[in-house]
There are 4 protein chains.
Amino acid sequence: MTDHDHCSTTPDHLCMPTDARKRARHRLSIARGHLESIVKMLDDKDVYCVDVLRQIRAVQGALSGASDVVLRGHLEAHVATAAERGDAAEMVDELMEALKYR
Amino acid sequence: MTDHDHCSTTPDHLCMPTDARKRARHRLSIARGHLESIVKMLDDKDVYCVDVLRQIRAVQGALSGASDVVLRGHLEAHVATAAERGDAAEMVDELMEALKYR
Amino acid sequence: MTDHDHCSTTPDHLCMPTDARKRARHRLSIARGHLESIVKMLDDKDVYCVDVLRQIRAVQGALSGASDVVLRGHLEAHVATAAERGDAAEMVDELMEALKYR
Amino acid sequence: MTDHDHCSTTPDHLCMPTDARKRARHRLSIARGHLESIVKMLDDKDVYCVDVLRQIRAVQGALSGASDVVLRGHLEAHVATAAERGDAAEMVDELMEALKYR
């Protein structure tokens, strides 16, 4: 798989697909900038609670979006192929644990 | 209220309580650092999807915590006093809108 | 308040506004019917997982809607008037606890 | 697979694993009883908003638990085997859609 060209995927370790990695990085990078701007907002004594709640909500939405990019890449590259590799039980346990409280 | 000493709260504008503002700023500042470290994780071709999902989840938890600090301050300083000020209907509409999809 | 005409609201107990109570009851009643139909779906050996996931999601959305009706009534009738009654601290603690993991 | 003995799984249709189906049915059946009791609670004019919010929250938790049972069964029986069947892209699209707003 060209996705994994430069990645040291081994029987013990699966690498994130390059495309998902780059897109998630880009989204998280934007969310970080947004979060930075909320921290600055909070230096202002006049800031209003509900404006802060809305901005935090927006960043949470952006993180969910980034999380979906990673999840989709994981399902395609690693979960859908688990029966072929023979590690379906472990992959599903691990994913269910990571999705908890989602 | 000493909380509002330096804040230009007017009949048209309510300021965030100082204590909630400082605590929320502190928490968001830590979350931003955590998010920064996830962006760096994603530069590594060997990063594993589920590790990234877990880290994003942790930041989402931190944002929820910061959001709760802001919400509590808002309920105490502005919503609980709304009937006294005479703007209960507006305050509740605004808050319900901000809590949507929470 | 006419809302509370027949309710034994006392200094120790606050009653739910009648309108919110009736609307929440109506919505939950519909959600219960929907949930009943999902239980029946699951008697069918041919049922497909994703169809069940979608139906459960729909009921969860209906419960969130009912919860919002109750929350709005509570904010209007009990939280916005808390400073007047002198129990703001308790009301906010109680609400924050109930909103946890929302 | 013995799980599918009596299920008409065909190339066009995948059936829910029997065990997941029975366990999900059991959980949803309990949640329906709980929801029924909340509807009855709301016939009482003296009911308190926060008690209703807590009960709705409990049912939502039960629905999430049932949803996790279905999701785990789906991942094991249908997603982990998708590459073998050759429908990974469709399976992942469908699942991402169903998990939206989760």
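Above this text you will find the structure in question.
A quick note: this is a predicted structure, and the numbers were derived from the prediction, not measured. (Residues numbered from 1 in each chain as written. Chains lettered and ligands numbered in written order. Predicted model: local features only at pLDDT ≥ 70, side-chain atom pairs only at ≥ 80, totals over all residues. Heavy atoms only, no water.)

### A short note on the interface of chain A and chain D
By a widespread convention, an interface's size corresponds to the accessible area lost as its parts come together. Counting from both sides, the interface comprises 18 residues of chain A and, opposite them, 18 residues of chain D. Summed over both sides, the interface between chain A and chain D buries roughly 1700 Å², with carbon and sulfur atoms accounting for 68% of that surface. At the junction of chain A with chain D, the criterion picks out 4 residue pairs in polar contact (both at pLDDT 80 or more). Elements represented by at least two residues in the side of chain A that touches chain D include exactly helix 2 (49-79), helix 3 (82-85) and helix 4 (88-99) of chain A. (Contact = heavy atoms within 4.5 Å. Buried area = accessible area lost by both parts, 1.4 Å probe. Polar contact = N/O pair within 3.5 Å; in protein donor to acceptor, adjacent residues only side chain to side chain. Helix = DSSP H or I, 4+ residues; strand = E, 2+ residues; numbered from the N terminus.)

### Observations concerning the nonpolar core
Residues Leu75(A), Leu75(B), Leu75(C) and Leu75(D) are the most contacted members of the largest nonpolar core, which totals 104 residues. Not counting residues within four places of it along the chain, the set of residues in contact with Leu75(C) comprises Leu75(B), Val79(B), Val92(B), Leu95(B), Met96(B), Ala80(C) and Leu95(C). (Core = buried A, V, L, I, M, F, W, Y, C linked by side-chain atoms within 4.5 Å. Buried < 20%, exposed > 50% of the residue type's maximum accessible area, 1.4 Å probe, protein only.)

### What about the packing of helix 4 (residues 88-99) of chain B against helix 2 (residues 49-79) of chain C?
At a minimum axis separation of 10 Å, helix 4 of chain B and helix 2 of chain C run at an interaxial angle of 145°. For the pair helix 4 of chain B and helix 2 of chain C, the sense of crossing is right-handed. Along the contact surface, helix 4 of chain B presents Val92(B), Asp93(B), Leu95(B), Met96(B) and Leu99(B), while helix 2 of chain C presents Asp68(C), Leu71(C), Arg72(C), Leu75(C) and Glu76(C). Each residue belonging to the contact of helix 4 of chain B with helix 2 of chain C can be placed in one class, and the counts come to 6 nonpolar, no polar and 4 charged. (Axes fitted to C-alpha atoms, helices over the stretch in contact; angles between N-to-C directions. Left-handed = near helix turned anticlockwise from the far one by under 90°. Nonpolar A, V, L, I, M, F, W, Y, C, P; charged D, E, K, R; others polar.)

### A word on the side chain of Thr81(D)
Secondary-structure assignment places Thr81(D) in the loop between helix 2 (49-79) and helix 3 (82-85). A relative accessible area of 18% places Thr81(D) in the buried class. Within polar-contact distance, the side chain of Thr81(D) engages the backbone oxygen of His78(D) at 3.2 Å. Once residues lying within four places of it in the same chain are set aside, the contact partners of Thr81(D) are Ala80(A), Ala83(A) and Glu76(D).

### Considering the relation of the copies chain A and chain B
Mapping chain A onto chain B calls for a screw motion: a turn of 180° about the axis and a shift of 0.0 Å along it, with 0.0 Å RMSD after fitting. What we have between these two chains is a two-fold relation. Comparing interface residues between copies, 100% of those in chain A also sit at the interface in chain B, which points to an isologous, same-surface contact. (Least-squares fit on C-alpha atoms with pLDDT ≥ 70 in both.)

### Remarks on the environment of Cys7(B)
All names here are of chain B. You can see Cys7 is positioned in the segment before helix 1 (18-41). Judged by its relative accessible area of 13%, Cys7 falls in the buried class. Linking Cys7 and Thr18, residues 11 residues apart in sequence, is a C-alpha distance of 8.9 Å.

### Some thoughts on the packing of helix 1 of chain B against helix 2 (residues 49-79) of chain B
How two helices pack is summed up by the angle between their axes together with the distance between the axes. Residue and element names in this part refer to chain B. The geometry of helix 1 relative to helix 2 is characterised by a closest axis approach of 9 Å and an angle of 170° between their N-to-C directions. As summarised for this structure, helix 1 and helix 2 are arranged roughly antiparallel, according to the angle between their axes. A breakdown of the residues in the contact of helix 1 with helix 2 according to their chemical character gives 16 nonpolar, 4 polar and 3 charged. (Parallel < 35°, antiparallel > 145°, perpendicular 65-115°, else oblique.)

All quantities given are derived from atomic positions and should not be read as evidence of function.
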